[in-house]
Amino acid sequence: MNMTDKSFTDKVVIVTGASSGIGRDTAIAFAKQGAVVITVARREELLKQLTEELQAFSPRSTYLCGDLGNKDFSHKIIDKTVQDFGRLDILVNNAAIPMHRFLYNISVEDAEQVFQVNFLSCLWTCFAAIPYMMKQGSGTLVNISSFASKVPPTHETIYVASKAALNGFTQGLWNDLKGSGIHAVLLHPGPIDTEIWDKLDDPGAYDGALYPPSLVADEILRAVKKKTFEVVVPRKSFQLILARVMSVLAPSLVRKGIAKMDPIKEVELNQVKQVLANAELDKNPVRMGSFKR
Ligand SMILES: NC(=O)c1ccc[n+]([C@@H]2O[C@H](COP(=O)([O-])OP(=O)(O)OC[C@H]3O[C@@H](n4cnc5c(N)ncnc54)[C@H](OP(=O)(O)O)[C@@H]3O)[C@@H](O)[C@H]2O)c1
């Protein structure tokens, strides 16, 4: 982004999930453009360190520490920002947790937690932000989804579902916010080099290139500035373009190809079948997530 560009000077920006990865680089990119950045995450020490970095470019930048899986905290980050800074120009909903796991090892509670952080927190913050943005006559809501929601891999059912919900929600916001002065952006990162990969409880099968988080940060600023609706990052990756085209032209072929890349293991499946063979379901229902020994 051009340093003489004044588009973001003094804009008030919230970036969630800024203690690492894409959120961290996005917060720095906005601060370098003179925006006041309010970062949000749970790890306070990391937010403190980041705030010192941000204040070198944007002295009023600060942080709010808490769990976005909690509705009250999600509302609070919006209300407090407007109380402290008088407005909210850009909300970047970036925080998320991964879940790459054998389906039968996922409990309903595990799945609900992923939805709370990855989808509901975005709903809560967007709904809290809309009245403020509408009153001020402008604002941008940026929701960070995932390329996986476009071409779902195996072992990602719940993560993909949470991001697919976010896609539908953001598309709907774009439609229904017409005339309000509020613009919605939906961004789908491909494989990006962040700590999210270390948080997978089962190792993923992907071993291709990982792109730098700064690439996503740059695309976020660009999409906000140009009022783009949807962006896949990196834009020009041959593999991502091919995967998208093929998933439209030959979806069943793509599904079969992906299933081979990270297959459902027969040995694990047999363990589940064995537990069920010995279970008396009419007396003791067996719940998903209770198969792991
Ligand atoms: N990296 C990729 O390859 C990739 C690909 C597609 C999409 N994405 C998406 O890009 C976004 C950023 O991911 P990333 O790769 O930068 O991952 P990351 O480094 O793991 O960052 C995730 C951020 O979310 C925060 N977070 C998680 N749970 C939270 C909670 N309950 N409350 C508040 N903050 C929470 C984490 O901070 P604390 O732990 O300190 O709370 C962290 O700052 C996510 O939406 C992810 O789904 C990433």
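Note: the structure precedes this text.
Since the model is a prediction, treat every value here as computed from it, not as a measurement.

Our next topic: unusual backbone geometry. The amide bond that connects valine 233 to the next residue, proline 234, takes the cis arrangement and shows omega of 0°. Turning to its location among the elements, proline 234 is positioned in the loop between strand S7 (230–233) and helix H7 (238–249). Despite not being glycine, histidine 155 shows a phi value in the positive range, around 65°. Checked against the element boundaries, histidine 155 lands in the loop between strand S5 (139–144) and helix H5 (157–176).

With that settled, the discussion passes to the pattern of salt bridges. Counted under the stated rule, the structure contains eleven salt bridges. In this structure, lysine 80 engages aspartate 84 in a salt bridge whose closest nitrogen and oxygen atoms are separated by 2.7 Å. Note that lysine 80 and aspartate 84 are positioned in helix H3 (residues 71–85) at a spacing of four residues, about one turn of the helix. When the shortest N-O distance is used, the salt bridge between arginine 101 and aspartate 201 registers 2.6 Å. Pair noted here: arginine 101 is in the loop between strand S4 (90–93) and helix H4 (108–136) and aspartate 201 is in the loop between strand S6 (182–189) and helix H6 (213–226), with a separation of 100 residues, a long-range link. Taking the relative accessible area as the measure of exposure, arginine 101 reaches 18% and is therefore buried. For aspartate 201, a relative accessible area of 42% puts it in the partly exposed group.

Remark: helix H1 (residues 21–32) packs on H6, axes separated minimally by 8 Å, with the N-to-C direction vectors making an angle of 50°. Here H6 runs oblique to H1, going by the angle between their axes. As for how H1 packs across H6, the hand of that crossing is right-handed. Along the contact surface, H1 presents Gly21, Ile22, Asp25, Thr26, Ala29 and Phe30, while H6 presents Pro213, Ser214, Val216, Ala217, Ile220 and Leu221. Its residues placed into classes, the contact of H1 with H6 shows eight nonpolar, three polar and one charged.

Here we have seven strands laid out as an open sheet, ordered S3-S2-S1-S4-S5-S6-S7, and parallel in their pairing. Looking at the sheet topology across the chains shown, the edges are occupied by strand S3 (62–65) and S7. Sheet twist, expressed as the mean angle between neighbouring strand axes with direction ignored, is 15°. With six bridges joining them, S5 and S6 adopt parallel strand pairing. Residue pairing for S6: threonine 140 is matched across the bridge by histidine 183.

Once that is clear, we can look at the environment of alanine 27. Residue position: alanine 27 is located in helix H1. Taking the C-alpha atoms as reference, alanine 27 lies 7.6 Å from leucine 54; in sequence the two are 27 residues apart. Sequence-distant contacts of alanine 27, that is, excluding residues within four places in its chain, are made with Val15, Ala18, Val37, Thr39, Leu50 and Leu54.

With that settled, the discussion passes to the packing of aromatic side chains. Following the criterion strictly, the structure yields seven aromatic pairs and no others. Among the aromatic residues, those joined into a ring-pair cluster are Phe102, Tyr104 and Phe291.

This next bit is on the site of the ligand. As a matter of local geometry, the ligand sits amid 31 residues, with Arg42, Asn94, Tyr159, Thr194 and Lys199 nearest to it. Between lysine 163 and the ligand, the recorded distance is 2.9 Å, taken from a side-chain N or O atom to an oxygen atom. When the free accessible area of the ligand is taken as 880 Å², the share hidden by the protein chains comes to 97%. Every element with two or more residues in the shell around the ligand is listed here: H1 and H5.

Definitions and cut-offs
- Residues numbered from 1 in each chain as written.
- Predicted model: local features only at pLDDT ≥ 70, side-chain atom pairs only at ≥ 80, totals over all residues.
- Heavy atoms only, no water.
- Helix = DSSP H or I, 4+ residues; strand = E, 2+ residues; numbered from the N terminus.
- Salt bridge = Lys/Arg side-chain N within 4 Å of Asp/Glu carboxyl O.
- Buried < 20%, exposed > 50% of the residue type's maximum accessible area, 1.4 Å probe, protein only.
- Axes fitted to C-alpha atoms, helices over the stretch in contact; angles between N-to-C directions.
- Parallel < 35°, antiparallel > 145°, perpendicular 65-115°, else oblique.
- Left-handed = near helix turned anticlockwise from the far one by under 90°.
- Contact = heavy atoms within 4.5 Å.
- Nonpolar A, V, L, I, M, F, W, Y, C, P; charged D, E, K, R; others polar.
- Pairing = 2+ DSSP bridges.
- Phe/Tyr/Trp six-rings, centres within 6.5 Å; stacked < 30°, edge-to-face > 60°.
- Near = heavy atom within 4 Å.
- Polar contact = N/O pair within 3.5 Å; in protein donor to acceptor, adjacent residues only side chain to side chain.
- Areas by Shrake-Rupley, 256 points an atom, 1.4 Å probe, with all protein chains shown as cover.

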